[in-house]
Amino acid sequence: QLVTVKNAGGKKMVQTQALNSNRCTKCDKLVGMPERIRFRSKTYHDSCFKCQNCSKRLKRGDGLDYNGSPYCTKCHGQVSGPYGFNKGVEAPVNQNTMRKLKKVLQPY
């Protein structure tokens, strides 16, 4: 997409290609420097930086990543499962860890 920059008198100064990195991932509008939030190499307006699940507005540095999207702490735990593992996906467990788990889980 071409962007035309004009001076105060309306005279065309420069015509240049708009960079995707200056466009908000959520609303696809250009983002100015003061309101720009970068999250996992994506750009957001301050007002568009929200939890993917509950739409809670997130502050700069508050978003937790899950599949490249920002989540609040509560929703991140819900979508990623306990300890950051995906729900319903078994994690590989080595034999030493399995022995420790059996000791802890054995009935008294």
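These numbers were taken from a predicted model, which means no experiment stands behind them.

What counts as what
Residue positions within a chain follow its written sequence, with the count starting from 1. Since the coordinates come from a predicted model, pLDDT governs what is reported: local features require at least 70, and pairs of side-chain atoms require 80 or more to be given and counted, while whole-chain, interface and lining totals use all residues. Working from all heavy atoms in the structure, the side-chain values ignore hydrogens and water. Remark: exposure states derive from per-residue accessible area (1.4 Å probe, protein chains only) relative to the maximum for the residue type, with buried under 20%, exposed over 50%, and partly exposed in between. Helix and strand definitions here come from DSSP, where helices need a minimum of 4 consecutive H or I residues and strands a minimum of 2 consecutive E residues; each element is numbered from the N-terminal end. It is the directions from the helix axis to the C-beta atoms that the arc portrays. Throughout, a residue-residue contact means that at least one pair of heavy atoms, one from each residue, lies within 4.5 Å. The term disulfide is used for any two cysteine sulfur atoms that are within 2.5 Å. The predictor reports its confidence for every residue as pLDDT, a score running from 0 up to 100. Throughout, nonpolar core names a set of buried Ala, Val, Leu, Ile, Met, Phe, Trp, Tyr and Cys residues whose side chains join them through atoms within 4.5 Å. Here a pair means two rings of Phe, Tyr or Trp (six-membered ring of Trp) with centres within 6.5 Å. Their orientation is stacked below 30 degrees between planes, edge-to-face above 60, and tilted elsewhere. Definition used: whenever NZ (Lys) or CZ (Arg) falls within 6 Å of the ring centre and also within 35 degrees of the ring normal, the charge is taken to sit over that ring. Salt bridges are identified by distance alone: a Lys or Arg side-chain nitrogen within 4 Å of an Asp or Glu carboxyl oxygen.

## Considerations on helix H1 (residues 73-80)
Along H1, the residues that are buried comprise Cys75, His76 and Ser80. Each buried residue of H1 sits inside an arc of 115 degrees when the element is viewed along its axis, so together they form one side. Residues of H1 that are buried sit in contact with strand S5 (64-66) and strand S6 (69-71). Backbone geometry just downstream of H1 places Gly81 in the positive-phi region, at approximately 85 degrees.

## Notes on the state of the cysteines
For the coordinates displayed, the defined rule picks out zero disulfides. Cys24 provides the cysteine sulfur closest to Cys48, a residue in no disulfide bond, and the two sulfurs are 3.8 Å apart. On the basis of relative accessibility, which here comes to 14%, the residue Cys48 falls in the buried class. The thiol sulfur of Cys75 is not disulfide-bonded, and the nearest other cysteine sulfur, from Cys72, lies at 3.6 Å. The class of Cys75 is buried, set by a relative accessible area of 4%.

## Re the confidence of the model for the chain
When pLDDT is averaged along the chain, the result is 75, and 59% of the positions lie at 70 or above. Per-element confidence in the chain is highest for S6, whose mean pLDDT is 92, and lowest for strand S2 (residues 12-17), whose mean pLDDT is 52.

## Regarding the environment of Gly32
Residue placement: Gly32 occurs in the loop between S2 and strand S3 (36-39). Through-space distance from the C-alpha of Gly32 to that of Asn22 is 7.7 Å; in sequence the pair is ten residues apart.

## So, the nonpolar core
Listed in full, the ten residues of the largest apolar core are Ile37, Phe39, Tyr44, Phe49, Cys51, Leu58, Tyr66, Tyr71, Cys72 and Cys75. Here Tyr71 is in contact with Cys51, Gln52, Asn53, Leu58, Asp62, Gly63, Leu64, Tyr66, His76 and Val79, once residues within four sequence places are set aside.

## Overview of the packing of aromatic side chains
Scanning all chains against the criterion turns up three aromatic pairs. A centroid spacing of 5.4 Å and a plane angle of 55 degrees characterise the contact between Tyr44 and Phe49, whose relative ring orientation is tilted. Taking the relative accessible area as the measure of exposure, Tyr44 reaches 5% and is therefore buried. Of the residues examined, Phe49 reaches a relative accessible area of 1% and is grouped as buried. Members of the aromatic cluster, connected to one another through ring pairs, are Phe39, Tyr44 and Phe49. The ring of Phe39 has Arg40 sitting right over it, with the charged end atom 5.2 Å from the ring centre.

## Structural notes on the pattern of salt bridges
Enumeration according to the criterion identifies two salt bridges in this entry. Ionic pairing is found between Asp65 and Arg40, a salt bridge with its closest N-O pair at 3.4 Å. Taken together, the residues Asp65 in strand S5 and Arg40 in the loop between S3 and strand S4 (42-45) connect sequence positions 25 residues apart. You can call Asp65 partly exposed: its relative accessible area is 30%.

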